[in-house]
Amino acid sequence: MNLFRKKSIQALIQEVGNKEVTLKKDLGAFDLTMLGIGAIVGTGIFVLTGVAAAIHAGPALIISFILSGLACIFAALCYAEFASIVPVSGSAYTYSYAIFGEIVAWLLGWVLILEYGLAASAVASGWSGYFQGLLSGFGIHLPKAITSAYNPTEGTFIDVPAIFILVIITYLLTQGAKKSARFNTVMVIIKVTVVLLFLGVGVWYVKPENWTPFMPFGFSGVAAGAATVFFAYIGFDAVATAAEEVKRPQRDLPIGIIASLLICTLLYIVVSAVLTGIVPYTDLNVKNPVAFALSYIHQDWVAGFISIGAIAGITTVLLVMLYGQTRLFYAISRDGLLPKFFTKVSKKKQTPVVNSWITCLIVSFFAGVVPLNKLAELVNIGTLSAFMTVSIGILYLRKNNQTLNTGFRVPLVPLIPILAFLFCGYLALQLPALTWISFAVWVVIGLLVYFVYGRKHSSLNQSEEKVKKVS
């Protein structure tokens with residue numbers, strides 16, 4: 001059995017066209033840019049900035065975001081070329097199938113399943129917290145037993161609001177990519193407006209002395225902060241998963257990936273500077289740092305808008321994470337490595353409806369019942385491994401002359417792919433040992449699934465078996 005059997009780029013593209021019912025090509029460059037911003041601006045600004053500043057980086061959180069942003073920009077250029085050449089669902093999983101072979105593609109897909117699943121679960125839990133905070137502002141308090149994940153000592157058993165928002169988002173996703181994209185665009189406009197409102201009000205209260213000492217935990221703290229806030233950047237990977245639903249993928253995918261990343265990196269840097277300029281970094285270890293900063297300067301009227309913006313922001317992150325997960329399941333299942341019901345597309349909606357609801361059930365279990373605080377860093381290591389694989393893939397493309405003259409091409413090869421690999425590898429090394437151990441366990445489970453189910457049911461294996469029978 002050839003574990004490294006590959007699907008050619010031509011075969012991947014042809015396979016999409018041969019499907020009786022395909023995903024509807026409805027998205028343009030603007031939709032993709034909004035999708036990227038929807039996934040990237042959210043938890044990072046509204047939750048992670050405060051904790052990363054207080055515990056890891058101090059005011060040098062700005063440098064942490066620049067480090068993470070550089071790693072992502074280099075990786076994004078590599079993604080943009082692949083997305084332009086292989087406009088097929090599955091993102092890094094699909095690219096790896098063409099470059100490195102089946103076993104590598106499966107393991108990367110398995111890692112991305114973990115990334116999207118845990119990210120969606122963690123974000124749904126965060127949405128629940130903000131939503132309950134908004135309700136309490138109106139004097140509405142839910143029974144404690146249904147407000148958080150299973151923890152009998154705290155008196156909580158299930159997070160009902162988290163499950164509620166997952167069901168609503170899943171229903172929206174089953175209605176078609178264009179409707180989901182429109183909803184996402186409205187939410188993105190709301191949250192970006194709120195972020196700009198924070199900057200417009202907060203900039204007048206910045207005290208430069210709060211930026212001293214600038215790097216209280218040294219550069220190691222800055223690096224640890226970069227690894228922590230990397231969670232904020234994982235969204236642009238989901239843009240690539242939309243490839244089969246894009247009208248002009250060679251043009252629109254690179255624009256969507258790169259534009260969304262540049263806009264979000266700029267927003268993160270400016271927000272970090274203003275936030276640490278308003279509030280001493282030692283006071284920022286809170287769950288809602290942006291709203292806290294406005295309360296700190298007695299601008300509570302703006303803090304209310306921030307809560308609405310945070311809910312809108314986290315909702316779009318959740319939408320894109322669930323979207324990415326369903327399209328990943330779709331791509332892996334089409335190759336036979338997962339059961340075929342994941343590829344079933346509704347003729348009416350032209351979306352994978354069954355796949356979407358199964359994803360909702362799985363993510364709802366983790367968000368509603370399992371405490372995820374210790375698993376969140378697994379999202380980062382999964383994403384970093386995907387970025388590193390895609391970066392090396394560009395070097396392989398160049399060496400074997402598999403690039404096309406049309407579409408986007410990474411500039412300064414091999415420098416950009418090597419920088420992407422080194423930056424992402426450095427950030428991965430900043431993650432705790434427990435994260436690496438948990439990641440290794442997940443990979444071993446993935447290998448077991450492949451050898452028990454995937455290897456036998458692989459569409460490439462089925463083709464090989466047919467050839468053997470004929471011969």
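Residues numbered from 1 in each chain as written. Predicted model: local features only at pLDDT ≥ 70, side-chain atom pairs only at ≥ 80, totals over all residues. Heavy atoms only, no water.

(A) The overall build of the chain, seen in detail. If you tally the helices and strands in the chain, you get 18 helices and zero strands. Relative to the 2.2 N^0.38 estimate, which gives 23 Å for 471 residues, the radius of gyration of the chain is 22 Å and therefore close to what a compact globule would have. Dimensions of the chain, computed from C-alpha atoms along their principal axes, come out at roughly 80 × 50 × 40 Å. Scored against the burial criterion, the 471 residues of the chain give a buried share of 57%. (Helix = DSSP H or I, 4+ residues; strand = E, 2+ residues; numbered from the N terminus. Rg over C-alpha atoms; globule rule 2.2 N^0.38 Å. Buried < 20%, exposed > 50% of the residue type's maximum accessible area, 1.4 Å probe, protein only.)

(B) Focus on the layout of surface pockets. In this structure, the second largest pocket occupies an estimated 400 Å³ of space. Around the second largest pocket sit 20 residues that line it, and Ile113, Leu114, Ile362, Phe366 and Trp442 are the ones nearest its centre. Among the secondary structure elements, those contributing two or more residues to the lining of the second largest pocket are α6 (102–137), α13 (300–334), α14 (353–369) and α17 (433–457). No other element matches the six residues that α6 contributes to the lining of the second largest pocket. For the lining of the second largest pocket, a count of residues per class yields 15 nonpolar, five polar and no charged. (1 Å grid on protein atoms, 1.4 Å probe; cavity = no way out; pocket = protein on both sides within 12 Å on 5 of 7 lines; lining within 4 Å. Points joined across faces, edges and corners; volume = space filled by probe spheres on them. Nonpolar A, V, L, I, M, F, W, Y, C, P; charged D, E, K, R; others polar.)

(C) Structural detail: the packing of helix α4 (residues 61–85) against helix α11 (residues 249–278). Running from N to C, α4 and α11 cross one another at 180 degrees; their axes reach a closest spacing of 9 Å. Comparing the axis directions of α4 and α11 gives the class roughly antiparallel. Split into classes, the residues belonging to the contact of α4 with α11 amount to 21 nonpolar, five polar and no charged. (Axes fitted to C-alpha atoms, helices over the stretch in contact; angles between N-to-C directions. Parallel < 35°, antiparallel > 145°, perpendicular 65-115°, else oblique.)

(D) Looking closely at α14. Across its 17 residues, α14 extends 24 Å between first and last C-alpha, which sits within 8% of the 24 Å expected from 1.5 Å per residue. Within α14 the residues assigned to the buried category are Asn355, Ser356, Thr359, Cys360, Val363, Ser364, Ala367 and Gly368. Buried residues belonging to α14 abut α6, α7 (160–173) and α13. (Expected span 1.5 Å × (residues − 1). Contact = heavy atoms within 4.5 Å.)

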